[in-house]
Amino acid sequence: PLEKPSAVLGIEEILRLQQIVRRMPVADHVYAYAERLVRSTRPKTSEALDFCKKWLSWGAGPRAGLNLILAAKARAILRGQTYVSCDDIAAVAPPVFRHRIVANFAAQSEGVTSDDITRRILETIPKDEKLAGCQIARFVVLHKELDADDDELTRTRKVRRGTIAEKYKVLV
């Protein structure tokens, strides 16, 4: 017989972790990458990629962009990062786009799925990670320390207008 599952997190921990994810900063170039991915899927716009115009009847909407950012933030935190990268956006794009882009008959007749289209979009649109060092990002991580006694992760970030320190309770 299977063991009865036990709770790993309580309601309070889940709500606290959701707030941590929502408060995580994202650099401008990462926002721009997510925006380029989403806009490239809209077949009736000038920003659409040619294969998206050919294979999509419906592209990703604004909520897809919001969910790309939110899912990438969660992925970054789960991986122990203090920043969101274009790689995080690319990693979450397939599940985010899977039900937000609609392949047309031409794509279906060629055996092309939404995952195939998303994979091709990711291969076509550059991440521009190299620009991150040149552009002024929303933050630069200066310091990260783990206080094992009280399980708090302290992050100090330099922001355009000065330095702020935030403490987040996290499960270690």
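Each remark here, short or long, concerns the structure printed above.
The residue count restarts for each chain, going from 1 along the sequence in the order it is written. Local features in this predicted model are restricted to residues of pLDDT 70 or higher, and side-chain atom pairs are both shown and tallied only at a pLDDT of 80 or more, whereas totals for entire chains, interfaces and linings draw on every residue. In computing side-chain values, all of the structure's heavy atoms are included and hydrogens and water are not.

Engineer: With reference to specific residues and values, describe the nonpolar core.
Structural biologist: Ranked by size, the top nonpolar core spans 34 residues in total, and within it Leu68, Ile89, Phe97, Ile117 and Ile121 carry the most contacts. What counts as a helix is a DSSP run of H or I of at least four residues, what counts as a strand is a run of E of at least two, and both are numbered from the N terminus. Mapped by element, the contributors of at least two residues to this core are helix 2 (28-39), helix 3 (50-55), helix 4 (62-78), helix 5 (86-97) and helix 7 (114-124). Among the elements that make up this core, the one with the highest residue count is helix 5 (7 residues). Among all residues touching Ile89, those that are not within four sequence positions of it are Val30, Tyr33, Ala34, Leu37, Leu68, Ile69 and Ala72. Here, nonpolar core means buried Ala, Val, Leu, Ile, Met, Phe, Trp, Tyr and Cys residues that are tied together by side-chain atoms lying within 4.5 Å of each other. Here's how the labels work: a residue is buried when its accessible area is under 20% of the maximum for its type, exposed when over 50%, partly exposed in between, all with a 1.4 Å probe on protein chains only. The contact rule is simple, with two residues in contact once any of their heavy atoms fall within 4.5 Å.

Engineer: Mind laying out the pattern of salt bridges, listing which residues take part and the relevant values?
Structural biologist: A side-chain nitrogen of Lys or Arg and a carboxyl oxygen of Asp or Glu constitute a salt bridge if their distance falls within 4 Å. A full pass over the atoms with the stated rule returns 7 salt bridges. Note that Arg39 is salt-bridged to Glu47, the shortest N-O span being 3.4 Å. Residue Arg39 is classed as partly exposed on the basis of its relative accessible area of 32%. Residues joined in a network through salt bridges with shared partners are Glu35, Arg39 and Glu47.

Engineer: Which residues make up the packing of helix 2 against helix 4, and what values go with them?
Structural biologist: To obtain an axis, a line is fitted to C-alpha atoms, over the contacting stretch when the element is a helix, and the angle between two such axes runs from 0 to 180 degrees between their N-to-C directions. At a closest axis distance of 9 Å, the pairing of helix 2 and helix 4 adopts a crossing angle of 140 degrees. When the axis of helix 2 is compared with that of helix 4, the two are oblique. In terms of crossing hand, the pair formed by helix 2 and helix 4 is right-handed. For the pair formed by helix 2 and helix 4, the contact residues are Val30, Tyr31, Ala34 and Val38 on the first element and Ala64, Gly65, Leu68 and Ile69 on the second. Classes in brief: Ala, Val, Leu, Ile, Met, Phe, Trp, Tyr, Cys and Pro nonpolar; Asp, Glu, Lys and Arg charged; the others, Gly included, polar. Considering only residue class, the contact of helix 2 with helix 4 consists of 7 nonpolar, 1 polar and no charged. Oblique is the label for any angle not under 35 degrees, not over 145, and not in the 65 to 115 range, which are roughly parallel, roughly antiparallel and roughly perpendicular in turn. Crossing handedness: left-handed means the near helix sits turned counterclockwise from the far one by under a right angle, and right-handed means the same turn made clockwise.

Engineer: Before we move on, can you summarise the side chain of Ser85 with the specific residues and values?
Structural biologist: Positionally, Ser85 belongs in the loop between helix 4 and helix 5. For Ser85, a relative accessible area of 10% corresponds to the buried category. Under the rule applied, a polar contact is a pair of N or O atoms within 3.5 Å (in protein, one hydrogen donor and one hydrogen acceptor; residues adjacent in sequence only if both atoms are side-chain atoms). Here Asp87 takes part through its backbone nitrogen, which lies 3.2 Å from a polar atom of the side chain of Ser85.

Engineer: Account for the packing of aromatic side chains, naming residues and giving values.
Structural biologist: Pairing of aromatic rings covers Phe, Tyr and the six-membered ring of Trp, with a centre-to-centre limit of 6.5 Å; geometry is then stacked below 30 degrees between planes, edge-to-face above 60, and tilted otherwise. Scanning the entire structure with this criterion turns up 1 aromatic pair. Relative to Trp55, the ring of Phe51 lies with its centre 6.2 Å away and its plane at 55 degrees, an arrangement referred to as tilted. You can see Phe51 and its partner Trp55 sitting in helix 3, 4 residues apart, about one turn around the helix. Summarising the burial analysis for this pair, Phe51 and Trp55 share the class buried. Lysine NZ or arginine CZ positioned within 6 Å of the ring centre and within 35 degrees of the ring normal marks a charge as sitting over the ring. The ring of Phe51 carries the charged tip of Arg120 above its face, separated from the ring centre by 4.3 Å.

Engineer: Residue-level account of helix 2, with values.
Structural biologist: One fewer than the residue count of a helix, multiplied by 1.5 Å, yields its expected span. Here helix 2 is 12 residues long and its end C-alpha atoms lie 16 Å apart, about the 16 Å a rise of 1.5 Å per residue gives. Buried residues of helix 2: His29, Val30, Tyr33, Ala34, Leu37 and Val38, and no others.

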